Amino acid sequence: MFICGLLCLPFAALRFCVRFLVLWLRLSCVVYVCAVSTAAVQNPLLSSARRRQLPLAAVFRDLRVRHGIKMSLAGTLSLYLTQVLPLPHDNWAILTVLVMMTTQYTGSIAVKAILRTVGTIAGALVGVWLVGDFTSTPSIFLPLFFLVLAITAYKYGQFGARQVPYAYYLLGLTTLSVVTNGIATPDQAWQVGIDRTEEILLGSTVALLVSTILWPRSAREEFVTASRQSLETIGQLISIQAEAYAQGTEPSSRVAEIRHTIPPRLSVLRNLLQAGAMESTLFAARLSNYNAYLSSLISLFDGVLILGRWHRVDAAIVERLQTEIELVRRAISEEVNVLSASCRPDEKLPPSSLQDAFGVFIKKIEELRDQGFFATQPTDKAIAFGTHFAAIRSLRDELINIRNVTEGLPRFGQPLPEAKPHWDLLPTIDWFWVKVGIKAGLVGVMTITLVKWIHPPGATAFPLIAWLQTVLTRPFVRAGGTGDRGIFKRVFFGSLILIGCIIALLLTTPFLANYLVMNLALVAILFSLGFLTARRAGINFWMLFTYLFISVFVGLNPQQPVASQNIIDSFLGLIAGMFVGAVISRLLWPVLPQNLLRDNLLSLFAGIRALLREDPHPEKIRAQLAIQSVEAQQFVQGLRMRGYSEKEKAALSALVRQLQAVVPRVGHLVSYRKNLPPIAEPLLRPSLERLETEFHQILDTFSECFRQGNCQRDFPTLRGAVHAMDEIVHDIRESRILNVHKVTEPLRMLDLVGRYHILSDDLEECSRIIRDLKIERYWGDYSL
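The rules we used
Residues numbered from 1 in each chain as written. Predicted model: local features only at pLDDT ≥ 70, side-chain atom pairs only at ≥ 80, totals over all residues. Heavy atoms only, no water. Helix = DSSP H or I, 4+ residues; strand = E, 2+ residues; numbered from the N terminus. Contact = heavy atoms within 4.5 Å. Areas by Shrake-Rupley, 256 points an atom, 1.4 Å probe, with all protein chains shown as cover. Core = buried A, V, L, I, M, F, W, Y, C linked by side-chain atoms within 4.5 Å. Buried < 20%, exposed > 50% of the residue type's maximum accessible area, 1.4 Å probe, protein only. Expected span 1.5 Å × (residues − 1). Polar contact = N/O pair within 3.5 Å; in protein donor to acceptor, adjacent residues only side chain to side chain. Phe/Tyr/Trp six-rings, centres within 6.5 Å; stacked < 30°, edge-to-face > 60°. Axes fitted to C-alpha atoms, helices over the stretch in contact; angles between N-to-C directions. Parallel < 35°, antiparallel > 145°, perpendicular 65-115°, else oblique. Nonpolar A, V, L, I, M, F, W, Y, C, P; charged D, E, K, R; others polar. Patch = residues over 30% accessible without salt bridge, like charges linked within 9 Å, V, L, I, M, F, W, Y side chains within 5 Å. Salt bridge = Lys/Arg side-chain N within 4 Å of Asp/Glu carboxyl O. Left-handed = near helix turned anticlockwise from the far one by under 90°. pLDDT = per-residue confidence, 0-100.

As for the overall build of the chain
Here's step 1: When you go through the chain residue by residue, the secondary structure sums to 30 helices and two strands.
Here's step 2: Across the chain, contacts joining residues at least 24 apart in sequence account for 84% of those joining residues at least 6 apart.
Here's step 3: Of the roughly 32,100 Å² of accessible surface on the chain, a fraction of 61% belongs to carbon and sulfur atoms.

Here you go:
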């Protein structure tokens, strides 16, 4: 049968190409007209006064309104085109539109179109091959079917930073749809394959054209805008802290308020990294540049926090340097304003005065040293000043780095800048997605077996729903959901809602038989869905639930008289699919937010130890830890379960922020410890090595706590090693062996010692936070 099908393939392909060309031309014309009709609202050449004259300009600038319009337009267009062509099952096109419209960023339309077309056609061929040749031999059919679904689900997640996932996703989706619809009639396998291919390609094409032509969103430009906003916020914090430090006053009460606004902004950048890499070829090609920017931004935030340490301990020293510190502060504020200001893609950044101001600062310190001023200051004040000097130098270095990285970010309409060293941040084998792939394969095999064995109601929707619910697990958590925890409760409440929908449809079907009413109802549902989900970073359970409801609703085709039994069967199939997907997802390797948080924390501890050991690829480690720390903060904010109080949430959030600050501090410490003055190194190095050994011990203890789910234990203390280091510094200062050198030599020593002090305080603070955690109350596998 398969050989006969291959002989018919050229004729089927010709028919498909002709219909697809007609579809593309019609669709392009419709979307073009819609785009032109709204161009006046979004035209950047219009003056602001002209924009204010447009009555709906403010409404159409709202991202939620735009996404709602795009979602409703794409849905109604796909419904219209499936009936004009005509295609047998318009619900497959609608479902494809809904899933694909969650990817809101434009990129290379040619690459996207090719990948989605290849994935869909390959899935149809695989499905036809399985149904046409192996349905009579389940011992071969089921293992092959399992492998196809498992591999496509694994590749969908494992290639998370590329555009390839869409090809694998559509390959699995199309294979499942062809097998589900063709297994009852294997002799019609080729017809089913062609129909499903046309329907899914229509949906993906509609979603692609609408999102590309109508109010397109560029991940590159949005990253630049969001990064400037984050930098501007951090700049406000720098200005307040530096001014308070220079004048010896208490910082403004706004400091705490501003600090709490920064983690959400970092989460926005993290989500843009994920979405942009999957949507835009140019974004993915320079992903290392974006990772470097995020890492530098976190390091800049860390430098600001250090300025608030040991406030006024070194006031006597700062008073003599007040003018120079104020000059550096103004230069830093000026540089932040330059870097956070909007500019055209082809516009060059103006030169910086930061280096000159810092040079004046160093010269003044040298003058004070020559006058013998520093020799009269106690060791604790000298170390405090060294710490603050390290913070100011870190601010300078990170701003210079951000300037370089900013010029290396791809901009719209400009040639690609030079790429920074690229590392594949994904593991060779991603075991998380291996487990998801196995679950996806099992769900497919189980549901197809049930379809053939007991013939459940709504059999065509049954396998699809269970498979989608299993594959899209991690995005649930990234979108603020709870993963598989509590999934049975959500499925139960979802089933009650669907029963209410059955009753509502039984009562309203006569009204929906009117074409206008049906389309208005669909537009209202799709617009509401797009409006409410426009700012979501992924797909959560209730979004997927709504997608599947709309698909079943459209599949009923209520424009024509619908039998009551068809309505009941369709929604019962949806309910059964949700329950099967819930059983597999929850009982086999469940995706729980507390487990993902644990894995991220363990990775943070391991990465910090790797930096201390001078890993040969420190920039790669820092980029990984920057992303993981932001993701861990997302898990902390999204975790909701019994025993997880607001106090516990605040403590975990503080721990993640502390670890987020530790990462750049360790990176700076490792890079600067090589610059220890040669004459002081034999004296100071043994105490520093002892302190680093204790750093590793305390990090190992942290890892053991979260691995075992119990924080009630004694933690190593760093006070003895820190005190021994201070004694050596005191002896070196008393001997005045560094006085014959340039002022940079003692500053380098105080800078390094201050960094060890900061890191010691950070780890002691982590110990205090972890000791008070009650993770045993919620760390296990609870709440079905």
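Some details on the nonpolar core
Here's step 1: Phe145, Tyr169, Trp467, Tyr547, Ile550 and Phe571 are the most contacted members of the largest nonpolar core, which has 94 residues in total.
Here's step 2: Excluding its chain neighbours within four sequence positions, the residues that come into contact with Phe571 are Leu498, Cys501, Ile502, Leu505, Phe549, Val552 and Leu556.
Here's step 3: If you look at the next biggest cluster of nonpolar residues, it comprises 68 residues, including Phe283, Leu321, Ile332 and Ile362.

Comments concerning helix H4 (residues 63-84)
Here's step 1: Between its terminal C-alpha atoms H4 stretches 31 Å, which fits the 32 Å expected from 22 residues at 1.5 Å a residue.
Here's step 2: Its side-chain oxygen at 2.9 Å from the backbone nitrogen of Arg64, Asp62 defines the N-terminal cap of H4.

Considerations on the packing of aromatic side chains
Here's step 1: Enumeration over the complete set of coordinates arrives at 23 aromatic pairs.
Here's step 2: Between Phe549 and Phe571 the ring centres are 5.9 Å apart and the planes differ by 40 degrees, which places this aromatic pair in the tilted class. One end of the pair, Phe549, is in helix H23 (residues 541-555); the other, Phe571, is in helix H24 (residues 564-587), and 22 residues separate them in sequence. An identical accessibility class is assigned to Phe549 and Phe571; each is buried.

Focus on the packing of helix H13 (residues 287-307) against helix H27 (residues 646-672)
Here's step 1: Axis separation between H13 and H27 bottoms out at 9 Å; the angle between their running directions is 90 degrees. Considering the angle they form, H13 stands roughly perpendicular to H27. Along its contact with H13, which presents Ile298, Ser299, Asp302, Leu305 and Ile306, the element H27 presents Gln660, Ala661, Pro664, Arg665 and His668.
Here's step 2: Classifying every residue of the contact of H13 with H27 gives five nonpolar, three polar and two charged.

Observations concerning a nonpolar patch on the surface
Here's step 1: A surface patch of nonpolar side chains, about 780 Å² in accessible area, is lined by Phe492, Phe493, Leu496, Ile497, Ile499, Ile503, Leu507 and Trp542.
Here's step 2: Per element, the largest residue contribution to the nonpolar patch is seven residues, and it comes from helix H21 (residues 487-512).
Here's step 3: Of note, Ile503 is situated in helix H21.

Looking at the environment of Leu522
Here's step 1: Summarising the element assignment, Leu522 is placed in helix H22 (residues 515-533).
Here's step 2: Spatially, the C-alpha atoms of Leu522 and Ser72 are 7.6 Å apart, while their sequence positions differ by 450 residues.
Here's step 3: Setting aside its immediate chain neighbours within four residues, Leu522 contacts Gly75, Thr76, Leu79, Ile550 and Val554.

Quick word on the pattern of salt bridges
Here's step 1: This model, assessed by the stated rule, comprises 18 salt bridges.
Here's step 2: With a closest N to O distance of 2.6 Å, Glu326 and Arg329 form a salt bridge. In this pair, Glu326 and Arg329 both sit in helix H15 (residues 322-340), three residues apart, roughly one turn of the helix. This pair shows no difference in class: Glu326 is buried, exactly as Arg329 is.

Some remarks on the packing of helix H19 (residues 462-471) against H24
Here's step 1: Their axes nearest at 7 Å, the elements H19 and H24 cross at an angle of 35 degrees. For the crossing formed where H19 meets H24, the hand is right-handed. Residues Phe462, Ile465, Ala466, Gln469 and Thr470 of H19 touch H24, and the partners they reach there are Gly573, Leu574, Ala576, Gly577, Met578, Val580, Gly581, Ala582 and Ser585.
Here's step 2: Residues belonging to the contact of H19 with H24 are distributed by class as follows: eight nonpolar, six polar and no charged.

A closer look at unusual backbone geometry
Here's step 1: Residue Pro86 is bonded to the preceding Leu85 through a cis peptide linkage, with omega at -15 degrees.
Here's step 2: On the secondary structure map, Pro86 appears in the loop between H4 and helix H5 (90-100).
Here's step 3: In this structure, His455 is a non-glycine residue whose phi angle is positive, near 50 degrees.
Here's step 4: Topologically, His455 is positioned in the loop between helix H18 (431-454) and H19.
Here's step 5: Residue class for His455 comes out exposed when judged on its relative accessible area of 58%.
Here's step 6: The phi dihedral of Glu614 is positive, around 60 degrees, even though this residue is not glycine.
Here's step 7: Looking at where Glu614 falls in the secondary structure, it is placed in the loop between helix H25 (593-612) and helix H26 (618-638).

Comments concerning the side chain of Arg609
Here's step 1: Turning to its location among the elements, Arg609 is positioned in helix H25.
Here's step 2: The exposure class of Arg609 is buried, given its relative accessible area of 14%.
Here's step 3: A polar side-chain atom of Arg609 sits 3.1 Å from a polar atom in the side chain of Ser703.
Here's step 4: Residues in contact with Arg609, not counting those within four places in the same chain, are His696, Leu699, Asp700 and Ser703.

Considering the confidence of the model for the chain
Here's step 1: Averaged over every residue, the pLDDT of the chain is 79; residues scoring 70 or more account for 85%.
Here's step 2: Note on residues 1-14: pLDDT under 50 across the span, and 12 contacts to partners over four residues away in sequence or across chains.

Some details on the environment of Ile502
Here's step 1: Checked against the element boundaries, Ile502 lands in helix H21.
Here's step 2: You can call Ile502 buried: its relative accessible area is 9%.
Here's step 3: The spatial distance from the C-alpha of Ile502 to the C-alpha of Phe571 is 7.1 Å, given a sequence separation of 69 residues.
Here's step 4: Contacts of Ile502, omitting those with residues within four sequence positions, involve Ile567, Ile568 and Phe571.

Considering the environment of Phe374
Here's step 1: Structurally, Phe374 is set in the loop between helix H16 (354-370) and helix H17 (379-407).
Here's step 2: For Phe374, a relative accessible area of 14% gives the class buried.
Here's step 3: As for Phe374 and Ile317, which are separated by 57 residues in sequence, their C-alpha atoms are 8.0 Å apart.
Here's step 4: With residues up to four places along the chain from it excluded, the contact list for Phe374 reads Ile317, Ile365, Leu368, Arg369, Phe385 and Arg733.

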